[in-house]
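# Overview (structure and organization)
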Amino acid sequence: MSERTGTNAILDRAISLGHRVREAEHRTAIYRLLVDLQTAMDERDLERYGAYYTEDGEWSAVSGRAIGPKNIAAFLKDYCKPWESPEQRTFHSIADVAIDLYGDYAVATGQWRHDHPAGKGPPVTVHFGRFEVIAQRTSDGWRVKRRASYSLLPYIEPRYQDVGALEAKTL
């Protein structure tokens, strides 16, 4: 192997490693976005929650659908009232998150649940479901382009979540 060939091989490996590191950084940033969303919801900071969406970002769940950060925050205020007491609150949790990267877009899927503290006993899961997020890389970092949440326990037939799904899947 010539010195030039060896140098090219090292350069190729360095470039490949750089790509893998960037992909890992993007996945970490997207996962953090998902955690920040649930934290904002648990804290009932709906303005901050909405700010994690792109200007044309779409939120949908069993209760309805809203588009744009301000509309999302306003819509959620009807459903996500401040906690009356610590005993009444629930906590969001996500798991089994898979993130696939497609350039400036990514698709994240996973499951979520709402746990209720239930006094001094073990927490009780009151809702369980799945989510799909299309994230978009912006000048402000990764933001949610589309989020759809599906309730499995109790099961609620998807209604609002399917609006716009065909357009989202063509990204």
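The residue numbers shown here count from 1 along each chain, following its written sequence. Where local features are concerned, this predicted model is filtered to residues with pLDDT of at least 70; where side-chain atom pairs are given and counted, the filter is 80 or more; whole-chain, interface and lining totals use all residues. No hydrogens and no water enter the side-chain calculation; it runs on all heavy atoms of the structure.

## Some remarks on a nonpolar patch on the surface
A patch consists of residues exposed above 30% relative accessible area that lack any salt bridge, with like charges linked at up to 9 Å and nonpolar side chains (Val, Leu, Ile, Met, Phe, Trp, Tyr) linked at up to 5 Å. The Shrake-Rupley method, run with a 1.4 Å probe, gives the accessible areas here. Residue values count only the displayed protein chains as cover. Should a side-chain nitrogen of Lys or Arg be within 4 Å of a carboxyl oxygen of Asp or Glu, the pair is scored as a salt bridge. A cluster of nonpolar side chains, Leu152, Leu153 and Tyr155, forms an exposed patch at the surface whose accessible area comes to about 310 Å². Strands here are runs of E lasting at least two residues and helices are runs of H or I lasting at least four, both read from the DSSP assignment and numbered beginning at the N terminus. Among the secondary structure elements, Tyr155 is positioned in the loop between strand 6 (141-153) and helix 4 (165-169).

## Some details on the environment of Tyr79
Summarising the element assignment, Tyr79 is placed in the loop between helix 3 (69-77) and strand 3 (91-102). Residues Tyr79 and Ser63, spaced 16 residues apart in sequence, show a C-alpha to C-alpha distance of 8.3 Å.

## Looking at the pairing of strand 2 (residues 64-67)
Side-chain alternation along strand 2 places Gly64 and Ala66 on a buried face and Arg65 and Ile67 on a face that remains uncovered. Here 4 bridges tie strand 1 (residues 53-61) to strand 2, and the two strands are oriented antiparallel to one another. Its bridge partner being in strand 2, Ser60 is matched across the sheet by Arg65. DSSP calls a pair of strands paired once it identifies at least 2 bridges connecting them. The antiparallel hairpin formed by strand 1 and strand 2 contains 2 residues in its connecting segment. Classification of residues uses two cut-offs on accessible area relative to the type maximum, computed with a 1.4 Å probe and protein chains only: under 20% is buried, over 50% is exposed, and between them is partly exposed.

## Thoughts on the nonpolar core
Counting 28 residues, the largest nonpolar core has Leu34, Leu37, Tyr49, Tyr53, Trp59, Ile72 and Leu76 as its most contacted members. Of all the elements in the fold, those that place two or more residues in this core are helix 1 (3-42), helix 2 (46-51), strand 1, helix 3, strand 3, strand 4 (105-116), strand 5 (124-138) and strand 6. No other element matches the 6 residues that helix 1 contributes to this core. Here, two residues are considered to be in contact whenever any of their heavy atoms come within 4.5 Å of each other. In contact with Ile72, other than residues within four places in its own chain, are Tyr49, Gly50, Tyr53, Gly57, Glu58, Trp59, Ala66 and Ile67. In this description, a nonpolar core means a group of buried Ala, Val, Leu, Ile, Met, Phe, Trp, Tyr and Cys residues linked to one another through side-chain atoms lying within 4.5 Å.

## A look at the pattern of salt bridges
According to the stated counting rule, one finds 10 salt bridges in the structure shown. One salt bridge in this structure joins Asp36 and Arg32, with 2.8 Å as the shortest N-O distance. A residue pair is termed a helical-turn pair when its members lie 3 or 4 positions apart in one helix, as Asp36 and Arg32 do in helix 1 at 4 residues. On the basis of relative accessibility, which here comes to 54%, the residue Arg32 falls in the exposed class.

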